[in-house]
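Single-letter residue listing:
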Amino acid sequence: MSNRHKKINPREKMPLLRVQNLSKFYGQTLGCHEVNFELDKGEVIGIVGESGSGKSTLLKCLAGKIPPTNGSVFFNSDQGFLDLCHTEEAVLRKIMRSQTGFVTQNSVEGLRMNISAGGNIGERLLANGMRNYSQIRKIAEGWLETVEIDSARMDDLPTTFSGGMQQRLQIAANLVTDPKIILMDEPTSGLDVSVQAKLIDVLKKLVNSLNLSMILVTHDLAVARLLSHRLHVMKDGKIVESGLSDQILDDPREPYTQLLVSSILKP
Ligand code: ADP
Ligand code: MG
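Residues numbered from 1 in each chain as written. Chains lettered and ligands numbered in written order. Predicted model: local features only at pLDDT ≥ 70, side-chain atom pairs only at ≥ 80, totals over all residues. Heavy atoms only, no water.

**Q** Would you mind going over helix 7 (residues 193-210) in detail, with residue names and values included?
**A** In this model helix 7 runs 25 Å from its N-terminal to its C-terminal C-alpha over 18 residues, within 8% of the 26 Å that 1.5 Å per residue would give. Within helix 7 the residues assigned to the buried category are Gln196, Leu199, Ile200, Val202, Leu203, Leu206 and Val207. Buried residues of helix 7, seen end-on, are gathered within an arc of 165° and therefore sit on one face of the element. The outward face of helix 7, more than 90 degrees from its buried face, is lined by the exposed residues Ser194, Asn208 and Ser209. Among the structural elements, strand 3 (44-48), helix 5 (133-146), helix 6 (163-175), strand 7 (181-185), strand 8 (214-217) and helix 8 (221-227) are those in contact with the buried residues of helix 7. Positive backbone phi, approximately 55°, marks Asn211, located one or two places after helix 7. (Helix = DSSP H or I, 4+ residues; strand = E, 2+ residues; numbered from the N terminus. Expected span 1.5 Å × (residues − 1). Buried < 20%, exposed > 50% of the residue type's maximum accessible area, 1.4 Å probe, protein only. Arc of directions from axis to C-beta. Contact = heavy atoms within 4.5 Å.)

**Q** Could you give an account of the pairing of strand 2 (residues 29-39), naming the residues involved and the relevant values?
**A** Side-chain positions along a regular strand alternate between the two faces of the sheet. Pairing analysis gives 7 bridges linking strand 1 (residues 17-26) to strand 2, with the strands arranged antiparallel. In the sheet register, Leu17 faces strand 2, and the bridge partner there is Leu39. Counting the residues between successive antiparallel strands, the hairpin from strand 1 to strand 2 contains 2 residues, one of them, Gly27, with a positive phi of roughly 60°. (Pairing = 2+ DSSP bridges.)

**Q** Summarise the sheet that holds strand 2; cite the residues concerned and give the values.
**A** If you trace the 4 strands from one edge of the open sheet to the other, you get 2-1-4-5, paired in antiparallel fashion. Each edge of the open sheet is held by one strand with a lone partner, namely strand 2 and strand 5 (80-83). For this sheet the average axis-to-axis angle between neighbouring strands, irrespective of direction, equals 20°. The sheet strands contacting helix 1 (residues 55-62) are strand 1, strand 2 and strand 4 (70-77), and the helix crosses strand 1 at an angle near 120°. (Axes fitted to C-alpha atoms, helices over the stretch in contact; angles between N-to-C directions.)

**Q** Tell me what's going on with the pattern of salt bridges, and back it up with residues and numbers.
**A** If the charged atoms of two oppositely charged side chains come close together, the side chains can form a pair. A complete count under the given rule lists 14 salt bridges for this structure. Close ionic contact of Asp251 with Arg253 constitutes a salt bridge, the shortest N to O distance being 2.4 Å. Because the salt bridges share partners, they merge into one network encompassing Glu148, Lys198, Asp201 and Lys205. (Salt bridge = Lys/Arg side-chain N within 4 Å of Asp/Glu carboxyl O.)

**Q** So, the pairing of strand 3: which residues are in play, and what are the values?
**A** Counting buried positions along strand 3 yields 5 of 5 residues, so the element is predominantly enclosed. The pairing of strand 3 with strand 8 spans 4 bridges and is parallel. Counted as the bridge partner of Ile45 is Ile215 from strand 8. Bridge analysis of strand 3 against strand 9 (residues 230-235) gives 4 bridges, and the strand direction is parallel. What sits directly across from Gly46, in strand 9, is Leu231.

**Q** Kindly report on the sheet that holds strand 6 (residues 100-103), identifying the contributing residues and their values.
**A** Spatially, the 6 strands line up as an open sheet ordered 6-7-8-3-9-10, and their pairing is mixed. Both outer strands of the open sheet, strand 6 and strand 10 (238-244), are each paired with one neighbouring strand and no more. Direction aside, neighbouring strands of the sheet carry axes that sit 15° apart on average. Pairing of strand 9 with strand 10, which is carried by 6 bridges, proceeds in the antiparallel orientation. If you follow Leu231 over to strand 10, its bridge partner there is Gly243.

Pasting the structure below:
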């Protein structure tokens, strides 16, 4: 077939993620309201805003962890450009265990504390059908090294790890299946500043070497700036300002963002 007649796969032109009119109410309480944005492959988007502004709600809806009240989350998956809000449970589970990753602030939620570090990484491979024990072990070892954990710690329980190591383990356990997108909810919060710096450094290296597509929820504007190409600022469940990270933080347009930036940059 000549080039002229070669079919272009229309899905290649689609964004990786398209969030459309997404709203979530918990009874009468607003979680997030009419959120719209897109993310392309290789992009890191930061979602920032004060506590209670709806960041985690939005992220959980994107991850398929909670159903939104309204709207759609289209994901360019191996199974097609699917609306995850209206995808059959079995297909959704399959996508979530291989094509998307979710890292939480609290490693107790994101890791299995009663199985070894290597086991935590191997679990997703097992769930995807890999059965060769020595191969799984080898891959897990490689991932521990990638997130800068000594592979000699492979058989240790995560409970024996520091907070920063637990977060890096969580990241390895999510990236092992080479997901198309990784969602992170306050991954650096609750860590000491020097430990945060190490985690950010590891994340930055991963973003560059793996061309990761990521949504990073954080209330910490400095963390958001270090890792994100673009930012969405949330207030009362809505995105109130969007743009390139440097542009938003150096020259915020919305009074709310101005307040947020000035309150954080004040000594
Ligand atoms: P953030 O992550 O920005 O701190 P959240 O998404 O956690 O914000 O919360 C947004 C709003 O939704 C808040 O008013 C919060 O109290 C409410 N909310 C979050 N989770 C629940 C829940 N499970 N049940 C009821 N209200 C909730
Ligand atoms: Mg939150």
